[in-house]
Amino acid sequence: MSVKPEIQGFYDEATATISYIVKDPTSNAAAIIDSVMDIDYAAGRITFEHADMLISEIERQGLKLEWIIETHAHADHLSAAPYIQEKLGGKIGIGENIKIVQEVFGKIFNEGTEFQRDGSQFDALFTDGMTYKIGNMTAFAMHTPGHTPACMTHVIGDAAFVGDTLFMPDGGSARADFPGGDAGTLYDSIQKVLSLPGEMRLFMCHDYMPGGREVKWETTVAEEKANNIHVGGGKTREEFIRIRTERDKTLKMPTLIIPSIQVNIRAGHIPTDQHGDKMLKVPVNKL
Ligand SMILES: [Fe+2]
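Residues numbered from 1 in each chain as written. Predicted model: local features only at pLDDT ≥ 70, side-chain atom pairs only at ≥ 80, totals over all residues. Heavy atoms only, no water.

- For the protein, the name recorded in an unreviewed UniProt entry is MBL fold metallo-hydrolase, with Daeguia caeni as its organism.

Next up, the structure:
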């Protein structure tokens, strides 16, 4: 808690995702968490405005990018990790249960045997409690499944990046109805996050601006514990499962789930067809 990383959030309007640059206050080392590749899905066109913004900020400050971290395999946006890595270096890391996600979606997308389901597309696979360095800071990964099996919360000094476990207090929690998701498991993971010190800063992966308020992505453990609409005020596991399950019944599939999954299970690489051309599939009636 004594280390206070410098944190900048970059909101992506198209997918309501927040990407972060996390800087070690005692060196020029930095990490990027949850980058976004822009896609015009209707046109099958990808661009890199959002990633370029992160890259120019890293360059402007003369930072050394050590890590490009995915809190999980996102279903609502495509990762720009390989593009950023090519420009700035750094290791691409995700939770080791990405192997389960690769197994599940490998079947749905009829990926052939050439698609490895061992996480080898990533440079590092985080396990529960695993520590790693960003400059002089020691960070640790905490397994927080429920939204997906591979979800990790990253604790870096006095800050925790919760991925899709919690949203801001007025937003509640992330959905738990994707393949491999589970509301009870998500509740247990949220309790792990809420057992961190009360003053710990929490950084969200998404904000959907409930009630039309302005965008927000930072809160604290104490705030979430007291006020979170799905878990705050000591809500029980049973209450949470009921709230979460009812809410999930009302949610449509994310607009970009089909391209996102295919790219994100490959650490942000776009699949290629037998001619070597970048190509995405649409499985019919399988999701
Ligand atoms: Fe997600």
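Continuing now.
### Considerations on the overall build of the protein
Then step 1. Broken down by element type, the protein carries 7 helices and 14 strands.
Then step 2. Here the protein has a C-alpha radius of gyration of 18 Å; the compact-globule value for 287 residues is 19 Å, and the two agree.
Then step 3. Dimensions of the protein, computed from C-alpha atoms along their principal axes, come out at roughly 55 × 45 × 35 Å.
Then step 4. Put simply, the protein has 287 residues, and 54% of those count as buried.
Then step 5. Partitioning the intrachain contacts of the protein with sequence separation of at least 6 by distance along the chain shows that 65% fall at a separation of at least 24.
Then step 6. Accessible area of the protein: about 12,200 Å², with a carbon and sulfur share of 52%.
Then step 7. On the protein, the mean spot of the 28 positive side-chain charges and the mean spot of the 40 negative ones are 3 Å from each other. (Helix = DSSP H or I, 4+ residues; strand = E, 2+ residues; numbered from the N terminus. Rg over C-alpha atoms; globule rule 2.2 N^0.38 Å. Buried < 20%, exposed > 50% of the residue type's maximum accessible area, 1.4 Å probe, protein only. Contact = heavy atoms within 4.5 Å. Areas by Shrake-Rupley, 256 points an atom, 1.4 Å probe, with all protein chains shown as cover. Lys, Arg positive; Asp, Glu negative; His and termini not counted. Charge placed at Lys NZ, Arg CZ, Asp CG, Glu CD.)

### A short note on the sheet that holds strand S14 (residues 218-220)
Then step 1. With mixed pairing, the 6 strands of this open sheet are ordered in space as S9-S10-S11-S12-S13-S14. The outermost strands of the open sheet, each flanked by one partner alone, are strand S9 (131-134) and S14. The sheet shows a mean angle of 30° between the axes of neighbouring strands, direction not considered.
Then step 2. On top of the sheet, helix H4 (residues 183-194) reaches strand S10 (137-143), strand S11 (152-156), strand S12 (159-163) and strand S13 (201-204); it is set at about 155° to S10, its chief contact. (Pairing = 2+ DSSP bridges. Axes fitted to C-alpha atoms, helices over the stretch in contact; angles between N-to-C directions.)

### Comments concerning the UniProt feature "domain: Metallo-beta-lactamase" (unreviewed entry) in the protein
Then step 1. Per the UniProt annotation, the sites labelled "domain: Metallo-beta-lactamase" (unreviewed entry) are residues 16-206.
Then step 2. Summarising residues 16-206: 23% helix, 30% strand, and an end-to-end C-alpha distance of 6 Å. (UniProt positions renumbered as here; feature names shortened; annotations may be inferred.)

### A few points about the coordination of the iron ion
Then step 1. The protein atoms that coordinate the iron ion are His72 (NE2), His147 (NE2) and Asp164 (OD), at distances of 2.0 to 2.4 Å.
Then step 2. Mapped onto the sequence, the residues coordinating the iron ion show the spacing H-x74-H-x16-D. Of this pair, His147 sits in the loop between S10 and S11 while Asp164 sits in the loop between S12 and H4, placing them 17 residues apart in sequence. (Donors = N, O, S within 2.8 Å, 3.2 Å for Na, K, Ca; no water.)

### As for the sheet that holds strand S3 (residues 29-33)
Then step 1. Taking strand neighbours across the sheet as the criterion, the 6 strands line up as S1-S2-S3-S6-S7-S8 in an open arrangement whose pairing is mixed. Of all strands in the sheet, those with a lone pairing partner are strand S1 (6-12) and strand S8 (124-126), marking the two edges. Taken pair by pair, the neighbouring strands of this sheet meet at an average axis angle of 25°, ignoring direction.
Then step 2. In terms of strand pairing, strand S2 (residues 17-23) meets S3 through 4 bridges, oriented antiparallel. Directly across from Lys23, in S3, lies its bridge partner Ala30.
Then step 3. Each of S1, S2, S3 and strand S6 (64-69) touches helix H1 (residues 49-60); the most contacted strand, S1, lies at about 160° to it.
Then step 4. The strands that helix H2 (residues 81-88) touches are S3, S6 and strand S7 (91-95); relative to S6, the one it contacts most, it runs at about 165°.

### Here's the deal with the packing of H1 against H2
Then step 1. Packing of H1 against H2 leaves a shortest axis separation of 10 Å and a crossing angle of 30°. Relative to H2, the element H1 lies roughly parallel. In this structure, H1 meets H2 at a crossing whose hand is right-handed. Two secondary-structure elements touch here, H1 through Ala51, Asp52, Leu54, Ile55, Ile58 and Glu59 and H2 through Tyr83, Ile84, Lys87 and Leu88. (Parallel < 35°, antiparallel > 145°, perpendicular 65-115°, else oblique. Left-handed = near helix turned anticlockwise from the far one by under 90°.)

### A word on the side chain of Arg266
Then step 1. If you trace the backbone, Arg266 turns up in the segment after helix H7 (257-264).
Then step 2. Look at Arg266 and you get buried, because its relative accessible area is 12%.
Then step 3. Contact partners of Arg266, with chain neighbours within four places excluded, come to Glu111, Phe115, Gln121 and Pro271.

### Considering the pairing of S1
Then step 1. As defined by bridge partners, S1 adjoins S2 across 7 bridges and the pair is classed as antiparallel. Following the sheet pairing, Glu6 is matched in S2 by Lys23.
Then step 2. What sits between S1 and S2 in their antiparallel hairpin is a turn of 4 residues, with Ala16 showing a positive phi close to 55°.

### Details of unusual backbone geometry
In most cases, non-glycine residues show a negative phi, while peptide bonds are predominantly trans.
Then step 1. Positive phi values are uncommon outside glycine, yet Ala16 reaches one of about 55°.
Then step 2. Turning to its location among the elements, Ala16 is positioned in the loop between S1 and S2.
Then step 3. For Ala16, a relative accessible area of 8% corresponds to the buried category.
Then step 4. Of note in this structure, Asp34 is not a glycine but carries a positive phi near 55°.
Then step 5. Looking at where Asp34 falls in the secondary structure, it is placed in the loop between S3 and strand S4 (38-40).
Then step 6. Given a relative accessible area of 2%, Asp34 falls into the buried group.

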